[in-house]
Amino acid sequence: MKLVAIVSMLFLSVVTLVVGLRLLRVAQRTRQHPELLFGVAFVTGSLGTALGQFGQRALWTEPGPLATTANTLCFLLMALGSMALYVAVWRIYRPNLAWAKAVMLLGIATTLSAVVIRLASGELAAPVPGTIGLLVYLLSRLALFLWAAFEALRYYSLLRRRLALGLADPVAAGQILLWGVSASAMVLTMALAVFCMGVLQRHPIDMPLSLAVIVCAVLVAAASMWCAFFPPARLRNRILAHTTPV
């Protein structure tokens, strides 16, 4: 079952990487910040996660200079992804509000503090669950996805009112809803990780219940993310078929 969890997390990383690369190609054409920020966030975050998971189990399995350097580089990529996503949520939903900018800056500062703690404490030499730096990072990720999910679902609720009047694109509304679902699934994953490592002092994949929940949440997050950013034609047609014109 642990293998299933690892494979599902790697699957999410692959999906996130592909979505990120496609968004960077879109950004190259449109020159728009949302696509660029999401692309950078997804590519760096997925590379850091996937390389870290695979490397710790197959390439640098023993503590040493190689393991410390590789773990550090992977974690820096993950941290960069988190910071880019904080900026993306701010720029897309509330770019003109001071409190939202403050939340974004606080999230970036928290992520950077996790980097400093992990580097200073040496915990990246041989990562273990429940260390201070890791918990700070997980809490920053939890806050990030809570914010992303809230903003996406709030915006979708506003679009539903416009949909009733025929003033909004139903496919775009569906995409925003799916991104909210994906972010919500990641909230569940991060919350379980924080609880298991911070309170129980155990890795969530070491316990059957949390393992099963994480596998399901990760698969939902991956499927929803793909459909949110690049909805298949069949999904588009289904959304349009269920939209009643006024």
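Up top you'll find the structure we're talking about.
Attention in this report is confined to the structure presented alongside it.

Definitions and cut-offs
Residues numbered from 1 in each chain as written. Predicted model: local features only at pLDDT ≥ 70, side-chain atom pairs only at ≥ 80, totals over all residues. Heavy atoms only, no water. Axes fitted to C-alpha atoms, helices over the stretch in contact; angles between N-to-C directions. Helix = DSSP H or I, 4+ residues; strand = E, 2+ residues; numbered from the N terminus. Parallel < 35°, antiparallel > 145°, perpendicular 65-115°, else oblique. Left-handed = near helix turned anticlockwise from the far one by under 90°. Contact = heavy atoms within 4.5 Å. Nonpolar A, V, L, I, M, F, W, Y, C, P; charged D, E, K, R; others polar. Buried < 20%, exposed > 50% of the residue type's maximum accessible area, 1.4 Å probe, protein only. Phe/Tyr/Trp six-rings, centres within 6.5 Å; stacked < 30°, edge-to-face > 60°. Patch = residues over 30% accessible without salt bridge, like charges linked within 9 Å, V, L, I, M, F, W, Y side chains within 5 Å. Areas by Shrake-Rupley, 256 points an atom, 1.4 Å probe, with all protein chains shown as cover. Salt bridge = Lys/Arg side-chain N within 4 Å of Asp/Glu carboxyl O. Core = buried A, V, L, I, M, F, W, Y, C linked by side-chain atoms within 4.5 Å.

**Considering the packing of helix α4 (residues 98-121) against helix α5 (residues 132-164)**
No. 1: Contact geometry of α4 with α5 gives a least axis separation of 8 Å together with a crossing angle of 155 degrees. One element, α4, and the other, α5, form an angle in the roughly antiparallel class. For the crossing formed where α4 meets α5, the hand is left-handed. Contact residues: α4 offers Trp99, Ala100, Val103, Met104, Thr110, Thr111, Ser113, Ala114, Ile117 and Arg118, while α5 offers Ile132, Gly133, Leu134, Val136, Tyr137, Ser140, Trp147 and Glu151.
No. 2: Class assignment of the residues belonging to the contact of α4 with α5 gives a composition of 11 nonpolar, 5 polar and 2 charged.

**Focus: the side chain of arginine 118**
No. 1: Structurally, the position occupied by arginine 118 is in helix α4.
No. 2: A relative accessible area of 5% means that arginine 118 is categorised as buried.
No. 3: Ignoring anything within four residues of it in the chain, the contact list for arginine 118 reads Phe75, Glu123, Leu124, Pro127, Thr131, Gly133 and Leu134.

**Structural notes on the packing of aromatic side chains**
No. 1: According to the stated counting rule, one finds 10 aromatic pairs in the structure shown.
No. 2: Between phenylalanine 42 and phenylalanine 229, the aromatic rings sit 5.4 Å apart at their centres with planes inclined by 85 degrees, giving edge-to-face as the arrangement. Remark: phenylalanine 229 occurs in helix α7 (residues 208-229) and phenylalanine 42 occurs in helix α2 (residues 33-59); sequence separation between them is 187 residues. Here phenylalanine 42 and phenylalanine 229 have matching classes, each one buried.
No. 3: Ring geometry for phenylalanine 75 and tyrosine 137: centres 5.0 Å apart, planes at 70 degrees, overall edge-to-face. Residue phenylalanine 75 is found in helix α3 (residues 65-93), and its partner tyrosine 137 is found in helix α5; the two are separated by 62 residues along the sequence.

**Things to note about the environment of leucine 51**
No. 1: Here leucine 51 is to be found in helix α2.
No. 2: Ignoring anything within four residues of it in the chain, the contact list for leucine 51 reads Gln56, Trp60 and Cys74.

**Observations regarding a nonpolar patch on the surface**
No. 1: Where nonpolar side chains cluster on the molecular surface, the patch consists of Leu97, Trp99 and Val103 and spans about 250 Å² of accessible area.
No. 2: If you trace the backbone, tryptophan 99 turns up in helix α4.

**Side note on the packing of helix α6 (residues 170-199) against helix α8 (residues 233-241)**
No. 1: Direction vectors running N to C along α6 and α8 enclose 115 degrees, while the axes themselves pass 9 Å from each other. Compared by their axis directions, α6 and α8 come out roughly perpendicular. Once α6 is placed against α8, the crossing between them reads as right-handed. Contacts between α6 and α8 involve Pro170, Val171, Gly174 and Leu178 from the first element and Leu235, Arg236, Ile239 and Leu240 from the second.

**Brief notes about the pattern of salt bridges**
Pairing between side chains of opposite charge can happen when the charged atoms of each approach one another.
No. 1: Applying the stated rule across the entire model yields 3 salt bridges.
No. 2: Where arginine 118 meets glutamate 123, a salt bridge forms, and the shortest distance between an N and an O atom there is 2.7 Å.
No. 3: Salt bridges linked by common partners bring Arg94, Glu151 and Arg154 together as one network.

**Details of the nonpolar core**
No. 1: Membership of the largest hydrophobic core comes to 62 residues, with the highest contact counts inside it found for Val19, Phe38, Phe42, Leu85, Leu138, Trp179 and Phe229.
No. 2: Where this core is concerned, the elements lending two or more residues are α1 (2-30), α2, α3, α4, α5, α6 and α7.
No. 3: Looking at this core element by element, the count peaks at 15 residues for α5.
No. 4: In contact with valine 19, not counting residues within four places along its chain, are Phe42, Met225, Trp226, Phe229 and Phe230.

**A short note on unusual backbone geometry**
No. 1: Here the phi dihedral of arginine 31 falls at roughly 60 degrees; this positive angle occurs in a residue that is not glycine.
No. 2: Examined against the element boundaries, arginine 31 turns out to sit in the loop between α1 and α2.
No. 3: Of the residues examined, arginine 31 reaches a relative accessible area of 67% and is grouped as exposed.
No. 4: Its identity is not glycine, yet glutamine 201 carries a phi of approximately 55 degrees, on the positive side.
No. 5: The topology assignment puts glutamine 201 in the loop between α6 and α7.

**Brief notes about the environment of leucine 192**
No. 1: Mapped onto the elements, leucine 192 comes out in helix α6.
No. 2: The sequence separation of leucine 192 and leucine 76 amounts to 116 residues, and the corresponding C-alpha distance is 23 Å.
No. 3: Excluding anything up to four places from it in sequence, leucine 192 contacts Ser210, Val213 and Ile214.

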